[in-house]
There are 2 protein chains.
Amino acid sequence: MVGNEGENGEPNFGYVTPENLGLFTDLYELTMLQGYHGANHNPRATFSLFFRELPPDRGYVLTAGLEQVIAVIETLSFGERTLSYLRKRGFKNDFLDRLASFEFTGEVRALPEGTPVFPNEPILEVTAPIFEGQLLETLLLNQVGFESLVATKAVRMREAVERGGNDQSLVDFGSRRAHGTDAGMKAARAAVIGGFDGTSLVSAGETFDIPVYGTMAHSWVQSFADERESFSTFTEQYGDDSVLLVDTYDTVEGARIAGDVADEHDAEVGVRLDSGDLVALSKDVSEIVGDSPIFVTSGMDEYKITDFLERGGVATGFGPGTALTTSEDAPSLDLVYKLTEIERDGEMVPSMKLSSGKVTYPGAKSVRRKKREEEGDSDANGERYETDVLALRGEYVSDGDNLAGEEQLVTVFENGSRVYDPPRLDAIAHRARERRRKLPPECRSLRDPAKYPVEISDGLRELTNELQAELEKT
Amino acid sequence: MVGNEGENGEPNFGYVTPENLGLFTDLYELTMLQGYHGANHNPRATFSLFFRELPPDRGYVLTAGLEQVIAVIETLSFGERTLSYLRKRGFKNDFLDRLASFEFTGEVRALPEGTPVFPNEPILEVTAPIFEGQLLETLLLNQVGFESLVATKAVRMREAVERGGNDQSLVDFGSRRAHGTDAGMKAARAAVIGGFDGTSLVSAGETFDIPVYGTMAHSWVQSFADERESFSTFTEQYGDDSVLLVDTYDTVEGARIAGDVADEHDAEVGVRLDSGDLVALSKDVSEIVGDSPIFVTSGMDEYKITDFLERGGVATGFGPGTALTTSEDAPSLDLVYKLTEIERDGEMVPSMKLSSGKVTYPGAKSVRRKKREEEGDSDANGERYETDVLALRGEYVSDGDNLAGEEQLVTVFENGSRVYDPPRLDAIAHRARERRRKLPPECRSLRDPAKYPVEISDGLRELTNELQAELEKT
């Protein structure tokens, strides 16, 4: 087996497994933990996971990654391998004993996966002894940030397809360009949340129960004496499941040969286009192959799909890769995990920092989403989101005589026990589709979307001003 | 333990481990493999791993990831978990038996890690029965592409520091924004290859024997009654190892408090700046803390470092995060793995495809690097790279009376056995530094670098033209 212990020329793949997951953290988390421990300082704290700004051209972010957060919280532990490394690095034995018995005892509230979220709204809040809450930071940011980015990119491609009045299938073809293996896995999962039909990545199919699709590579075609032989050999074995890659030499000629081969084998084969003027070629090819599936790959993203459909390209499916899996035009989300509440003298008090340009709203929060009925809009199930209210947790936010809007955060852990069952992936995708359609259409634009209104509640605004004034005074 | 088998609400982290690594592949690879097997078609083939275009503003790419390739080749296998999934997906038993006994028997040639490489030059070539070579595609692209991207981004930041006439330390702080856990691990490794001093990611430190660094977070400061108490509690425990984050409330005041606390504890503490006008603040803070280390974070990349140093900012180290770990301005490399040679009637013959705009050079290759002596340039050890020649493997490329340049590809596997010991990470970083300095300075510019000359040998050019004409004729 590939060791993670390799040194001096012993090749090391560098897996992250349950055995070393506890070390997937920034050193300062452990330094602080030992410091909290050494100072006998372990107040309860609330940490809020949120972003301050939307990535370019995004009107919202679609949340994803909560299932991984749950898995981390339920299983994070420190065994002999991790402890022995930390001992070598100079961490003290009594602290390591404490780590060895690490268990999460706190509370987690979160937006379910597949929820549209806006700047400053908590995607997740952890309330726990600071020793526990602090330890989770790096992993939570790493997992939720990336999956949310990809789900958000994926939903844009689904939007592009829908806007073209179409229902082409979308399959993630990006694993080879993903940033490592974990990115490949999580991108496949997040893509489904955003509206993709499946992935080409077999391990993601196995692990997350996602439909897996594939065609053939140019190397298949080149490995035979000619294109006809290569298509014929494939179709003989795979029959109607065959999708033949027709652009190795001449695309239109390739499609003709594919048609011949299909006839010979009495099979309904599909074709894939992967280069050239895809719009023109897809039209030419569709005249040859008729109703057979045409799968289009090569640099696909929401803009290329839009353009392809607007210019009358013919396709039954698209296979976006790099753009999806790296969220190419927005490869990062400025997701942060900030302390917003701390226990002092037995009571939780709101906290914030002032660092220029990086002010955070203090306190544990509530995210309330207000909607109105809108008749005749079947897309949105007759409802449209109007405004969010970011409020303090427990604050009464009125809307006329009623409590305004619907709370979006759900409780996931209570006293360290999970009280929430993560839905199946198809249910999450369904939720995402439903909620996306309730957003104001102008917030869903693929370019320069309108800003969705998020009000700051009176209570939160007053508290923020108060605290800010107080901190600036000292 | 976190299962990878979760379904119906059983939370699943989605690890990639040796147990499921065989499935980290695009479905079409397995479909083709079963097809090759079913057709009893297993010619030897050469696959070449290369990119066609440099990412924006890059004059070269620095290779990284070969150690992971070696680990994959030496350990890739299919056990019961993977086979049972494939069986359920309809793969046939005799094919699965073949997979179960998978072993690599071929040859691998590669550029050692830390080598500058240019478009169309193979970073790696695999010559093996097509069944074996094909199977490696997805993993090799995934690992080498990402690590090379990050090593290339890292070296740019090191250049920025050196251009400022400085030797600040550079530490990878990006794990929280990395695309998943594997990206965090491999980015830390690749950053060292590119000239970083270490990482904040503890698991990368453990796995790859990289120095690990850290400071403290705002939450540490906020968790105490005031900044002074927080600094004092930390310094009491960590003494000279303390790096105090001074921007939670007011940076200059924070630095004063840090100075006081250092005096009280008779410790030499460092400070970290993470927000605001970093140049101005660093100057102010340096007047307060004197020679103490000043560590600057917050959105650092090669451009910000350059600007910071040009404007007279004072720092002993930088902690780039997001920009490094996502290779933010160039999050993907168009790395491909193409069949360039195939066995026909017992002989290896060159192969290429014609797909518009995506022509590949046929045949197994040689990368020859020509250099000239350059006196008085200590940076470059008295040598400067002049031109590369991309040639056919075994082709005699003359330079006057001599064989031109030095072969850059080394043999890594021969008949399935490894004949190459991967160097230690510090040796790779040393190699990278040496070689980078031999490049023409204009190719190392951080903006619009000059194109390094790569000649196509006569033999390769003739073969390409010949094959192209032949293919276009048919």
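Since the structure is predicted, the reported quantities are computational estimates derived from the model, not experimental observations. (Residues numbered from 1 in each chain as written. Chains lettered and ligands numbered in written order. Predicted model: local features only at pLDDT ≥ 70, side-chain atom pairs only at ≥ 80, totals over all residues. Heavy atoms only, no water.)

Break down the nonpolar core for me, citing the residues and quoting the values.
In terms of nonpolar packing, the biggest core is built from 143 residues, with Phe318(A) and Leu99(B) touching the most fellow members. If we ignore the near neighbours within four places in the chain, the residues touching Phe318(A) are Val161(A), Gln168(A), Ser169(A), Leu170(A), Val171(A), Phe295(A), Val296(A), Met300(A), Ile305(A), Phe308(A) and Leu309(A). With 139 residues, the next largest nonpolar core counts Val61(A), Leu141(A), Phe13(B) and Leu309(B) among its residues. (Core = buried A, V, L, I, M, F, W, Y, C linked by side-chain atoms within 4.5 Å. Buried < 20%, exposed > 50% of the residue type's maximum accessible area, 1.4 Å probe, protein only. Contact = heavy atoms within 4.5 Å.)

Residue-level account of the interface of chain B and chain A, with values.
Listed per partner, the contact involves 126 residues of chain B and 126 residues of chain A. At the boundary of chain B with chain A, total buried surface from both sides reaches about 10,500 Å², with 56% on carbon and sulfur atoms. Two residues, Glu137(B) and Arg176(A), come together in a salt bridge whose shortest N-O distance is 3.0 Å. Inspection of the region where chain B meets chain A yields 68 residue pairs in polar contact (both at pLDDT 80 or more). Counting residues per element, the side of chain B that touches chain A draws most heavily on helix α1 (residues 27–38) of chain B, which supplies 10 residues. Tallied by class, the residues present in the side of chain B that touches chain A amount to 54 nonpolar, 48 polar and 24 charged. (Buried area = accessible area lost by both parts, 1.4 Å probe. Salt bridge = Lys/Arg side-chain N within 4 Å of Asp/Glu carboxyl O. Polar contact = N/O pair within 3.5 Å; in protein donor to acceptor, adjacent residues only side chain to side chain. Helix = DSSP H or I, 4+ residues; strand = E, 2+ residues; numbered from the N terminus. Nonpolar A, V, L, I, M, F, W, Y, C, P; charged D, E, K, R; others polar.)

Please provide a residue-by-residue account of the domain arrangement of chain A, values included.
All names here are of chain A. Per the domain assignment, the segments making up chain A are domain 1 (21–150 + 330–473) and domain 2 (164–325). Computed from C-alpha coordinates alone, the two centres of domain 1 and domain 2 are separated by 38 Å. With 20 residues of domain 1 at the interface, the matching set in domain 2 holds 18 residues. For the pair domain 1 and domain 2, the summed buried area comes to about 1,500 Å², and 60% of that belongs to carbon and sulfur atoms. Sorting the residues of domain 1 by area buried against domain 2 places Phe146, Val150 and Leu425 first, and these three jointly supply 38% of that buried surface. On inspection of domain 1 and its partner domain 2, the count reaches 4 salt bridges. One can count 7 residue pairs in polar contact (both at pLDDT 80 or more) joining domain 1 with domain 2. (Domains from an automatic or database assignment.)

Which residues make up the packing of helix α11 (residues 251–265) of chain A against helix α12 (residues 278–289) of chain A, and what values go with them?
All names here are of chain A. α12 packs onto α11 with a crossing angle of 20° between their chain directions and a minimal axis gap of 9 Å. Taken together, the axes of α11 and α12 lie roughly parallel to each other. Considering only the axes of α11 and α12, their crossing is right-handed. Residues Thr251, Val252, Ala255 and Arg256 of α11 lie in contact with α12, whose contacting residues are Leu281, Asp284, Val285, Ile288 and Val289. Grouping the amino acids of the contact of α11 with α12 by side-chain chemistry returns 6 nonpolar, 1 polar and 2 charged. (Axes fitted to C-alpha atoms, helices over the stretch in contact; angles between N-to-C directions. Parallel < 35°, antiparallel > 145°, perpendicular 65-115°, else oblique. Left-handed = near helix turned anticlockwise from the far one by under 90°.)

Give me the lowdown on the UniProt feature "domain: Nicotinate phosphoribosyltransferase N-terminal" (unreviewed entry) in chain A, citing residues and values where you can.
The positions UniProt marks with the feature "domain: Nicotinate phosphoribosyltransferase N-terminal" (unreviewed entry) are residues 23–144 of chain A. Taken as a whole, residues 23–144 of chain A contains 43% helix and 18% strand, while its terminal C-alpha atoms sit 18 Å from one another. (UniProt positions renumbered as here; feature names shortened; annotations may be inferred.)

Could you give me a rundown of the sheet that holds strand β19 (residues 410–414) of chain B, with the residues and numbers involved?
Residue and element names in this part refer to chain B. The strand order across the open sheet formed by 7 strands is β13-β12-β1-β5-β3-β19-β20, and the pairing between neighbours is antiparallel. The open sheet has two edge strands with one neighbour each: β13 (347–350) and β20 (417–418). Judged from the 4 bridges that link them, strand β12 (residues 335–344) and β13 form a sheet pairing that is antiparallel. Bridge pairing in β13 links Glu343 to Met348. Contacts from helix α2 (residues 66–75) reach β3 (107–110), β5 (124–129), β19 and β20 within the one sheet, and its direction differs from that of β19 by about 15°. (Pairing = 2+ DSSP bridges.)

Explain the pattern of salt bridges to me, and be specific about the residues and the numbers.
Residues and elements named next belong to chain A. According to the stated counting rule, one finds 90 salt bridges over all chains in the structure shown. Among the salt bridges present, the one from Arg58 reaches Asp329, with a minimum N-O distance of 2.7 Å. On the criterion of sequence distance, the pair formed by Arg58 in the loop between β1 (44–51) and β2 (61–62) and Asp329 in the loop between α14 (322–325) and β12 (335–344) is long-range, its members being 271 residues apart. The exposure class assigned to Arg58 is buried, which follows from its relative accessible area of 4%. Classification of Asp329 as partly exposed rests on a relative accessible area of 31%. Among the charged side chains, a salt-bridge network with shared partners connects Glu159, Glu162, Arg163, Arg436, Arg437 and Arg444.

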